[in-house]
Amino acid sequence: MPDESCRTCGGSLVNCSLCPSCKKVMQQICNICGSKTQEQVHSSCLYLESYKTRNGMKINVFVPTSSKRREINHKNSEKIHTLRNALLVFGIVGFFVLGFAIANYFDLFQSQTSEGQIMKTSISQQSSQNHDNLPHGSFENCLAYGSGQSMTITCPTEYGYTYKAILNIPQKLASEFSNQVFSIRGISVVEYSDGSVVLQYHKNLYTTSFFAN
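Residues numbered from 1 in each chain as written. Predicted model: local features only at pLDDT ≥ 70, side-chain atom pairs only at ≥ 80, totals over all residues. Heavy atoms only, no water.

(A) Representation of the layout of surface pockets in the model. Considered as a void within the structure, the second largest pocket measures approximately 160 Å³ in volume. In this structure, the second largest pocket is lined by S138, F139, E140, P156, T157, E158, Y159 and Y161. At 3 residues, strand β5 (residues 135-147) tops the list of elements feeding residues into the lining of the second largest pocket. Residues of the lining of the second largest pocket, tallied by class, amount to 4 nonpolar, 2 polar and 2 charged. (1 Å grid on protein atoms, 1.4 Å probe; cavity = no way out; pocket = protein on both sides within 12 Å on 5 of 7 lines; lining within 4 Å. Points joined across faces, edges and corners; volume = space filled by probe spheres on them. Helix = DSSP H or I, 4+ residues; strand = E, 2+ residues; numbered from the N terminus. Nonpolar A, V, L, I, M, F, W, Y, C, P; charged D, E, K, R; others polar.)

Below is the structure:
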């Protein structure tokens, strides 16, 4: 409990020193005899720090806790600031990498879709431009044997017999083979009522007609 009067002469006390942190009274002095009261150190405001002099002597000094805390907080804020900048840079780089990856994926998907649509459109346009008549018959999974200027097509049917036709070899199809004699399978045939025939091989269309002996 703080003193209310001087323990030496009973005189009144006045403030002598204040706490540098909380500004409360730490020590009082008698205005009659000049005696000082015992210094009341605030443990929550001050801490004891040791220093060495040039002569090697060790002295203890009370230092405000607030300054020490400011120093610690400053160091912690620098670490947090550095870590935050590193995370920010990493996030920005990751965002751009993810954006490029998504853009490349959508470009690939769009190009594949466009190629499929273009192929369907070209088939329908070629069929509509070159063949106004309805198809007379269509066959799939056919075998073709080429020799010279003609090729023989053999196709399975749903009626128990085999479709067979001798056709002129399209020049574009013949250019895919190094020899004049060749055999291929997996070819599709569409025969139109006007006597023209369309072959489909490896997603490519070839227009031809029946071979005239």
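Now that the structure has been shown, we can carry on.
(B) Region of interest: the pairing of strand β8 (residues 182-192). In terms of strand pairing, β8 meets strand β9 (residues 196-201) through 4 bridges, oriented antiparallel. Within β9, the position partnered with E191 by the bridge is V197. Connecting β8 to the next strand, β9, in antiparallel fashion are 3 residues, including G195 with a positive phi near 95°. (Pairing = 2+ DSSP bridges.)

(C) How the structure looks around the packing of aromatic side chains. Overall, the coordinates contain 3 aromatic pairs when judged by the stated rule. A ring pair is formed by F95 and F96, whose centres lie 6.0 Å apart and whose planes are at 75°; its orientation type is edge-to-face. F95 gets classed as exposed once you look at its relative accessible area, which sits at 60%. (Phe/Tyr/Trp six-rings, centres within 6.5 Å; stacked < 30°, edge-to-face > 60°. Buried < 20%, exposed > 50% of the residue type's maximum accessible area, 1.4 Å probe, protein only.)

(D) Layout of the state of the cysteines. Under the counting rule described, the total for this entry stands at 1 disulfide. Sulfur-sulfur distance for the disulfide between C142 and C155 comes to 2.0 Å. In this structure the cystine formed by C142 and C155 twists about its S-S bond by roughly 115°; its chirality is therefore right-handed. Highlighted residues: C142 in strand β5 and C155 in strand β6 (residues 150-156), separated in sequence by 13 residues. Classification of C142 as buried rests on a relative accessible area of 0%. Looking at the unpaired C30, the closest cysteine sulfur is the one in C9, lying at 3.4 Å. (Disulfide = S-S within 2.5 Å.)

(E) How the structure looks around the nonpolar core. Ranked by internal contacts, the top residues of the largest apolar core, which has 19 residues, are M151, I153 and L199. Elements represented by at least two residues in this core include exactly β5, β6, β7 (162-168), β8 and β9. Of all the elements, β8 adds the most residues to this core, at 4 residues. Setting aside residues up to four positions removed in sequence, L199 forms contacts with M151, L167, P170, L173, I187, S188, V189, N204, L205, Y206 and T208. (Core = buried A, V, L, I, M, F, W, Y, C linked by side-chain atoms within 4.5 Å. Contact = heavy atoms within 4.5 Å.)

(F) Spotlight on the environment of Q149. Secondary-structure assignment places Q149 in the loop between β5 and β6. On a C-alpha basis, the gap between Q149 and A174 in space is 9.1 Å, while along the polypeptide they are 25 residues apart. Excluding its chain neighbours within four sequence positions, the residues that come into contact with Q149 are L167, N168, I169 and F211.

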